[in-house]
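Residues per chain are reported as follows:
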Amino acid sequence: LQALECQLVVVAHSLGCRVALRALLDSTYPLVPIKCLVLLGAAIQTNALSSSGDFPRQRIAAKQITVVSSRHDEVLRSSFQVGEAVSSLMRGRPQGRGPAAMGLNGPDL
């Protein structure tokens, strides 16, 4: 694909955004250049792309990242913070009510 100068656009939704970001995190040898990563209703923390977040932007193997969010996403509004709090508790790092979802509020860089 590189020989054909193909470029890839990766589109992910909800929890799939975590999967896509994990796959592109520190990806030294992408099969083809990732032109754009599109995150739709991302079920990740608003600060996930910040330098101290789970997926620092400078370490993601994509030329561009587009985030699509909606303040009307009731699932992210009602369940995301509770899920993050339970997840941190299960990892032995209780944090109380977790931060808001990027898919609800957009990125906090």
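Structure first, text after, so check above.
Reading the values: rules and limits
- Residues numbered from 1 in each chain as written.
- Predicted model: local features only at pLDDT ≥ 70, side-chain atom pairs only at ≥ 80, totals over all residues.
- Heavy atoms only, no water.
- Helix = DSSP H or I, 4+ residues; strand = E, 2+ residues; numbered from the N terminus.
- Buried < 20%, exposed > 50% of the residue type's maximum accessible area, 1.4 Å probe, protein only.
- Contact = heavy atoms within 4.5 Å.
- Areas by Shrake-Rupley, 256 points an atom, 1.4 Å probe, with all protein chains shown as cover.
- Arc of directions from axis to C-beta.
- Salt bridge = Lys/Arg side-chain N within 4 Å of Asp/Glu carboxyl O.
- Expected span 1.5 Å × (residues − 1).
- Bend = angle between axes of the 7 residues up to and from the residue.
- Polar contact = N/O pair within 3.5 Å; in protein donor to acceptor, adjacent residues only side chain to side chain.

Draft legend 1. Seen up close, the overall build of the protein. Counting secondary structure elements, the protein contains three helices and three strands. Each helix and strand of the protein, placed in order from N terminus to C terminus, yields the pattern β-α-β-β-α-α. Across the 109 residues of the protein, 37% fall into the buried class. Expressed as a percentage of contacts within the protein between residues at least 6 apart in sequence, the contacts between residues at least 24 apart total 74%. Just so you have it, the protein exposes about 6,600 Å², and 56% of that area is on carbon and sulfur atoms.

Draft legend 2. Fine view of helix 1 (residues 16–24). Turning to helix 1, its buried residues number three or more, namely Cys 17, Ala 20, Leu 21 and Leu 24. Down the axis of helix 1, the buried side of the element spans an arc of 95°, and every buried residue falls inside it. For helix 1, the exposed residues lying more than 90 degrees away from the buried face are Val 19, Arg 22 and Ala 23. Summarising the contacts, the buried residues of helix 1 are in contact with strand 1 (8–13) and strand 2 (34–40). Phi for Asp 26, located one or two positions after helix 1, is positive at around 55°.

Draft legend 3. Summary view of unusual backbone geometry. The backbone of Ser 14 shows a phi angle near 55°, a positive value even though the residue is not glycine. Structurally, Ser 14 is set in the loop between strand 1 and helix 1.

Draft legend 4. Spatial organisation of the pattern of salt bridges. In total, this model carries two salt bridges according to the counting rule given. Notably, a salt bridge pairs Arg 18 with Glu 84, separated by 2.5 Å at the nearest N-O pair. Of the two residues, Arg 18 is situated in helix 1 and Glu 84 in helix 2 (residues 74–90); the sequence distance between them amounts to 66 residues. Residue classification places Glu 84 among the buried positions, given a relative accessible area of 10%. Where Arg 77 meets Glu 74, a salt bridge forms, and the shortest distance between an N and an O atom there is 3.6 Å. Pair noted here: Arg 77 and Glu 74 are both in helix 2, with a separation of three residues, about one helical turn.

Draft legend 5. Local environment of helix 2. Here helix 2 is 17 residues long and its end C-alpha atoms lie 25 Å apart, about the 24 Å a rise of 1.5 Å per residue gives. In the structure, helix 2 departs most strongly from a straight axis at Phe 80, where the bend amounts to approximately 35°. Among all positions in helix 2, only Leu 76, Phe 80, Gln 81, Glu 84, Ala 85 and Ser 88 are buried. Near the N-terminus of helix 2, the side chain that reaches the backbone nitrogen of Val 75, with its oxygen 3.2 Å away, is that of Asp 73. Positive phi shows up at Gly 92, right after helix 2, with a value of about 80°.

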